[in-house]
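Here are the chains, one letter per residue:
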Amino acid sequence: MNLAINRWTRWSSLLLVLVITLGTAVTCSTPGTELDAMKVRGTLRVATINRATTYFVDAEGDPAGFDHDLAVLLAEDLGLELELQVYDFEADALAAVAQGEAEIAATGSIATGARRARFRYGPTLRKVTPQVVYRRGSLRPRQVADLRDPLRIAADSPLNDVAERLAASHPELEWTSVPNADDDTLLYQVAEGEYPVAAAGSDVISISRRFYPRLTVAFDLDEAMPVAWAFQRGEDHSLYNAVVQFIVSLKASRELDRIRDRYFGQLGRLDYVGSREFSRDVDRLLPRYRPHFEQAASENGLDWRLLAAVGYQESHWEMNARSPTGVRGIMMLTRDTAKHLKIANRNDPKQSIFGGARYLRQQIDRMPPSVTEPDRTWMALAAYNLGRGHLLDARDITAELGGDPDRWVDVRASLPLLTQAKWHSQTKYGYARGHEAVNYVGNIRTYYDILTWITGAETADDAPAEERPQKPPAVREQDPSTRALDLESPIL
């Protein structure tokens, strides 16, 4: 009897060990689908690149961009934490997906036939037209047959696939795949006259043309093509199907249209107004707000005309102005900035103007002591628009290039480089629309000069020098006809 009990005890123990072992093996095994595995891990890994069309850090220091915003919503929809992997070039982001280091490549890239052979692409998010650009004033090529120089294309751009396909019917087409370069770099070089022609997507070109007036579209290289996210090819479709469903729902709710309009809705439009409209607004709107500008400027040691020029650049002095990104009021304050400044109502003209004056004063005071006027004010204006961190990055680039980081003219030349991976990959705050800040400061200076001319010498010239509001003196500028960044508005 005891022998039987011992045998049963031994066998029951072995059976218990076997059950535990099998149970452990089942619970530790890989879940059935890719999406199941991601939910166990708790993260969605998305590979992207630093570009105006995909992902960047905005003036408030927050992540932004078309693909970034979509990825955030997708992660929320799947109940996962977003793990964003930011690369300098698209080839690196695609390689991360191919090697299983990321599930999605969200690079704002055209899904060409050649790329579809390597990756699986999701639904169309938007469309982009491959275009050829040249510098205004030079001979315009109107078709492939007119090209007299090799077309420059970034080495990892899908437009190389387009060129290769077109070459079958246009044997005269020659192009150069430029390594370690992005579209922003090539477009800047054409605008500067360093190279005659280049090819890029219409979205990037439209953004660049707002800041490089001499950059002009020669012709469309091909018809509009879809932009979509790339996935690894395989038998498991769980994540892909979930993304398709997610994008379909975004389209149905028109949320995709809203995000698309936020980042691309203003492309192709000029960001300045004509002299007649400005003159009308000086008569129509400025008298209403001038007392607020004068009082706010006086309390913060500013020239009221400079403050008014900032307000006009921001909102054209419209008290209910509102941008797609949510900034509001005459001085277009963000919600966080208004909270920091203790502004209760951003649409109230007086509160907005006083808040903007304090914020500009803070930016001026936070400039390094080595920066003197008028450069101190110009850099503070750039920080007002772009964020102080990005301005400091531009100063570092200026020093690396041998320029003087305390001089606006040198920093101004470096700010556009923040769009280029070669440079922003080395900075602390990454990609930024540096040319936008340059244009911003240039327009404000133009408006300020006109207001000074209209109002005359109205500063308190009889007051002691130390009590006078700071007024940046005029400085001689480089001849606009010699530079790509023709920044002054046509008012003058």
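Rules behind the numbers
- Residues numbered from 1 in each chain as written.
- Predicted model: local features only at pLDDT ≥ 70, side-chain atom pairs only at ≥ 80, totals over all residues.
- Heavy atoms only, no water.
- Helix = DSSP H or I, 4+ residues; strand = E, 2+ residues; numbered from the N terminus.
- Contact = heavy atoms within 4.5 Å.
- Pairing = 2+ DSSP bridges.
- Axes fitted to C-alpha atoms, helices over the stretch in contact; angles between N-to-C directions.
- Right-handed = clockwise from strand over helix to strand, strands pointing away.
- Parallel < 35°, antiparallel > 145°, perpendicular 65-115°, else oblique.
- Left-handed = near helix turned anticlockwise from the far one by under 90°.
- Nonpolar A, V, L, I, M, F, W, Y, C, P; charged D, E, K, R; others polar.
- Salt bridge = Lys/Arg side-chain N within 4 Å of Asp/Glu carboxyl O.
- Buried < 20%, exposed > 50% of the residue type's maximum accessible area, 1.4 Å probe, protein only.
- Expected span 1.5 Å × (residues − 1).

Participant: Would you explain the environment of Ser238 in this entry?
Facilitator: Mapping Ser238 onto the fold places it in helix α9 (residues 238-253). The sequence separation of Ser238 and Glu34 amounts to 204 residues, and the corresponding C-alpha distance is 6.3 Å. Dropping the residues within four chain positions of it, Ser238 is found in contact with Thr33, Glu34 and Leu35.

Participant: How should I be thinking about the sheet that holds strand β5 (residues 104-105) in this particular structure?
Facilitator: Hydrogen bonds along the backbone pair up the strands of a sheet, which may run parallel or antiparallel. The five strands are arranged β4-β1-β5-β14-β6 in an open sheet whose pairing can be described as mixed. Two strands bound the open sheet, and with one partner strand each, they are β4 (81-87) and β6 (120-121). Helix α3 (residues 66-78) rests against β1 (43-49), β4 and β5 of the sheet, and its axis sits at about 155° to β4.

Participant: Explain the pairing of strand β10 (residues 175-178) to me, please; I cannot follow it from the model alone.
Facilitator: A regular strand carries its side chains on alternate faces of the sheet. In terms of strand pairing, strand β9 (residues 151-154) meets β10 through four bridges, oriented parallel. From the neighbouring strand, Ile153 faces β10, where its bridge partner is Ser177. At this point the chain moves from β9, through helix α6 (residues 159-167), to the parallel β10, and the crossover so formed is right-handed.

Participant: Is there a simple way to think about the packing of helix α7 (residues 183-191) against helix α8 (residues 202-209) in this case?
Facilitator: Packed helices, taken two at a time, are described by the angle between their axes plus the distance between the axes. Direction vectors running N to C along α7 and α8 enclose 50°, while the axes themselves pass 10 Å from each other. Classified by the angle their axes make, α7 and α8 are oblique. Note on packing geometry: the crossing formed by α7 with α8 is right-handed. Contacts between α7 and α8 pair Asp183, Asp184 and Leu187 from the former with Val204, Ile205 and Ser208 from the latter. Classifying every residue of the contact of α7 with α8 by side-chain character gives three nonpolar, one polar and two charged.

Participant: In this structure, what is going on with the pattern of salt bridges? I would like to understand it.
Facilitator: Here the idea is simple: oppositely charged side chains can pair when their charged atoms come close. According to the stated counting rule, one finds 15 salt bridges in the structure shown. With a closest N to O distance of 2.6 Å, Glu103 and Arg45 form a salt bridge. In this pair, Glu103 sits in the loop between α4 (90-98) and β5 while Arg45 sits in strand β1, placing the two residues 58 residues apart along the sequence. One exposure class covers both Glu103 and Arg45, and it is buried. Between Glu90 and Arg115 there is a salt bridge, and its shortest N-O distance comes to 2.8 Å. In this pair, Glu90 is assigned in helix α4 and Arg115 in helix α5 (residues 113-116), connecting sequence segments 25 residues apart. Owing to a relative accessible area of 7%, Glu90 belongs among the buried residues under this scheme. Taken together, the shared-partner salt bridges in this structure form one network comprising Arg41, Arg45 and Glu103.

Participant: Would you explain helix α12 (residues 286-299) in this entry?
Facilitator: Within an α-helix, residues lying three or four positions from one another point in the same direction, as the helix has 3.6 residues per turn. Along its 14 residues, α12 runs 19 Å from first to last C-alpha, staying within 8% of the 20 Å computed at 1.5 Å per residue. Within α12, burial applies to Leu286, Tyr289, Phe293, Ala296 and Ala297. Two residues or fewer past α12, Gly301 is found with a positive phi of approximately 65°.

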